[in-house]
Amino acid sequence: MSLPEIYLKKNEDKRLRKGHMWVFSNEVDTKKTALEQFSAGDLVQVKSDDGKIMGTAYINPQTLICARLLSRKPNLKCGINFFKERLTTALSLREKLFDKPFYRLVFGESDGLPGLVIDRFGAVLSVQITTAGIEQRKEVLLAALVELLNPVAIILKNDNSQRELEGLSLESEIAYGELPDTLIIEENGAQFKVDILGGQKTGWFYDHRSSRALLTTVAKNQRVLDLFSYTGAWGIPAAMAGASEVTCVDASEGALALAKENAELNQVDDKMHFVRSDVFEFLKQARLENQLYDIIVLDPPALVKRKKDFKQGYEAYRRLNHLALQVLSKNGILVSASCSYHLTRENLHEILRGSGRHIDRHLVFFASGGQGPDHPIDPAAPETDYLKTFFCSVSSSL
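Here is a short report on the structure shown in this document. Predicted model, so just to flag it, every value in this text is computed and none were measured. (Residues numbered from 1 in each chain as written. Predicted model: local features only at pLDDT ≥ 70, side-chain atom pairs only at ≥ 80, totals over all residues. Heavy atoms only, no water.)

**A closer look at the pattern of salt bridges**
Close approach of charged atoms allows side chains of opposite charge to pair.
Consideration 1: The full count for this structure, using the stated rule, is 23 salt bridges.
Consideration 2: Ionic pairing is found between Asp-111 and Arg-94, a salt bridge with its closest N-O pair at 2.8 Å. Of the two residues, Asp-111 sits in the loop between β6 (102-107) and β7 (116-121) while Arg-94 sits in helix α2 (residues 80-97), which places them 17 residues apart along the sequence. Pair check on accessibility: Asp-111 and Arg-94 agree, each one buried.
Consideration 3: The partner of Arg-318 in a salt bridge is Glu-315, and the shortest N-O contact between them spans 2.8 Å. In this pair, Arg-318 and Glu-315 are both assigned in helix α10 (residues 310-326), three residues apart and thus about one turn of the helix distant.
Consideration 4: Look at Arg-318 and you get partly exposed, because its relative accessible area is 30%. (Salt bridge = Lys/Arg side-chain N within 4 Å of Asp/Glu carboxyl O. Helix = DSSP H or I, 4+ residues; strand = E, 2+ residues; numbered from the N terminus. Buried < 20%, exposed > 50% of the residue type's maximum accessible area, 1.4 Å probe, protein only.)

**What about unusual backbone geometry?**
Consideration 1: Phi at Asn-150 takes a positive value of approximately 50°, unusual for a residue other than glycine.
Consideration 2: Residue position: Asn-150 is located in the loop between α4 (138-149) and β9 (153-156).
Consideration 3: Positive phi is not limited to glycine here, since Asn-290 has a value of about 60°.

**So, the environment of Gln-162**
Consideration 1: Relative to the helices and strands, Gln-162 resides in helix α5 (residues 161-165).
Consideration 2: Gln-162 sits in the partly exposed class, given a relative accessible area of 43%.
Consideration 3: The spacing of Gln-162 and Thr-63 is 99 residues in sequence and 10 Å in space, taken between C-alpha atoms.

**A short note on the nonpolar core**
Consideration 1: Judged by nonpolar contacts, the single largest core of 34 residues is most densely connected at Phe-121, Ile-185, Trp-204, Leu-215 and Met-272.
Consideration 2: Among the secondary structure elements, those contributing two or more residues to this core are β9, β12 (190-193), α7 (235-240), β14 (245-250), α8 (253-265), β16 (293-298) and β17 (328-338).
Consideration 3: Broken down by element, this core gets its largest block of residues, three residues, from α7.
Consideration 4: Among residues more than four places away in sequence, those in contact with Ile-185 are Phe-102, Phe-121, Ala-190, Gln-191, Phe-192, Val-194, Trp-204 and Tyr-206.
Consideration 5: Residues Leu-227, Val-279, Leu-348 and Ile-359 belong to the second largest nonpolar core, which totals 31 residues. (Core = buried A, V, L, I, M, F, W, Y, C linked by side-chain atoms within 4.5 Å. Contact = heavy atoms within 4.5 Å.)

**Side note on the packing of aromatic side chains**
Consideration 1: Within the structure shown, the criterion is met by ten aromatic pairs.
Consideration 2: Here the aromatic rings of Phe-98 and Tyr-103 are separated by 5.6 Å at their centres, their planes lie at 20°, and the arrangement is stacked. Accessibility classification places Phe-98 together with Tyr-103 in one group, the buried group.
Consideration 3: Note on Phe-366 and Phe-391: the rings are 5.9 Å apart at their centroids and 65° apart in plane angle, and the pair reads as edge-to-face. Residue Phe-366 is located in strand β18 (residues 361-369), and its partner Phe-391 is located in strand β19 (residues 388-396); the two are separated by 25 residues in the primary sequence.
Consideration 4: In this structure Phe-366 comes out as partly exposed when scored by relative accessible area, which is 38%. (Phe/Tyr/Trp six-rings, centres within 6.5 Å; stacked < 30°, edge-to-face > 60°.)

**Structural notes on the sheet that holds β16**
Consideration 1: Pairing within the open sheet is mixed, and its seven strands lie in the order β15-β14-β13-β16-β17-β19-β18. The outermost strands of the open sheet, each flanked by one partner alone, are β15 (272-276) and β18. Neighbouring strand axes in the sheet, compared pairwise and without regard to direction, differ in orientation by 15° on average.
Consideration 2: Direction of pairing for β14 relative to β15: parallel, over a ladder of five bridges. Within the sheet, the bridge partner assigned to Asp-250 lies in β15 and is Arg-276.
Consideration 3: Across the sheet, helix α9 (residues 279-288) is in contact with β13 (223-227), β14, β15 and β16; its angle to β13 comes to roughly 150°.
Consideration 4: Taken strand by strand, α10 contacts β16, β17, β18 and β19, and its axis lies near 160° from that of β17. (Pairing = 2+ DSSP bridges. Axes fitted to C-alpha atoms, helices over the stretch in contact; angles between N-to-C directions.)

Written out as C-alpha cells, the structure reads:
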C-alpha cells in the first residue's frame with residue numbers, strides 16, 4: 001500500500017538531491033499538499049514538483065523542519081528490520097574504531113536516523129529521541145536495541161528542548177531493564193562515573209575525546225584551569241598525565257560533586273580543586289587577584305542555540321576568550337572550543353585572533369580539532385559538523 005505524498009515547490013528538491021535529509025515547511029507545495037491532513041510522525045513519500053520520488057520521510061506539520069528523510073526508497077516499511085539494519089551499520093563503524101563499548105552509537109542524520117542519538121555506556125544505553133517520527137516508533141527501536149545489544153538498561157533521556165518543539169513529553173524514564181547503582185565508563189585511560197538521569201544531555205559528552213587526549217600530551221607539570229568542567233572529563237586526564245594542579249570550575253553543584261568522585265576514582269584528588277562559580281565571575285576575580293594558569297580549557301555549552309541568538313552568543317564567546325587570555329601565564333596554552341553550530345570555525349578563529357591582538361599577545365594555533373569519530377560528519381548535512389576546537393600557544397607580543 002502506497003504512502004501518502006507531499007509535493008515540494010519548484011526547485012526546492014535541490015538540497016535533497018545533494019544528499020540532505022530535511023524538508024522545511026515553506027518548501028512544501030501546500031496547494032498540492034494540505035499539511036493539516038497529516039499527524040505528527042506519519043510516514044510520507046516526498047516528491048519533487050515534477051513528481052519524481054525523493055524518498056520516504058516522517059512528517060510533523062507543526063514544525064519548521066516538517067519532514068526528515070529516512071530512505072531514498074519509496075514506501076519504506078519502518079519496522080524492526082529497518083532499525084536493526086541502521087543500528088547494525090552504525091555499530092559496525094564504532095566497533096572498528098573502539099575496543100571498548102563506550103561511544104556514541106547513533107549520531108542522528110549521519111547514521112541515517114534523524115531525530116535519534118544513542119550513547120553506549122557499556123551495558124547501558126542512553127537514548128535521546130527529539131522528533132515525533134522516532135517517538136512514534138520507539139517500541140520497535142527499543143526491541144531492535146535489545147535484540148542486537150542485550151543491554152541491562154535503556155534510558156530514554158527526554159529532557160531536551162527540541163522535544164518541546166515537537167510536542168513531546170520532557171520526562172526521562174527507564175524504558176528497559178534496571179539502571180545499575182553505579183555506572184562507570186572509560187575514556188583516554190581514565191574512569192568516570194556517569195549520571196544519566198541527572199546529568200546533561202545523554203549524561204556524558206563523548207564528542208571531545210580526541211581533543212582531551214591531545215591535552216594530556218602537554219599537561220605535565222602545568223597548572224591547569226578547566227572551565228565549564230562538568231564532571232571532569234578534561235581536568236582529570238590532565239591530572240593523570242602529570243599536571244601539577246588542576247582547578248575545575250562549574251556552576252553545577254551536582255556536576256562538581258561527581259567530578260570529585262571521579263578524581264578520587266582515578267587517584268588524583270590530591271591535585272584537584274573544585275570551585276562552584278559562574279565562569280565569567282570566576283575569571284574576573286582571578287584577574288583581580290593576579291591568578292595565572294599555564295593551561296586554560298574553555299569548553300562552554302552552546303551559547304548560540306538559534307541563528308537569531310548569534311550576536312549575543314558571539315559576544316559571550318568573545319568575552320570568555322578575552323577574560324581567559326588575561327589570566328593565562330606567559331607562554332601558556334589556551335584550549336578554546338565551541339559546540340554551537342551557528343558559530344563557525346571561522347568565527348571562533350576571528351574571536352581568538354581579535355582577543356589576542358586586543359591584549360597585545362602573540363597567539364598561534366598549534367593544533368585544532370572537532371568531534372570524535374563516533375560523531376561522523378555527513379558531507380551533505382553541514383549541521384552534523386558542529387564542534388570546533390583550537391589549541392593556542394600564547395606568548396608576549398612580537
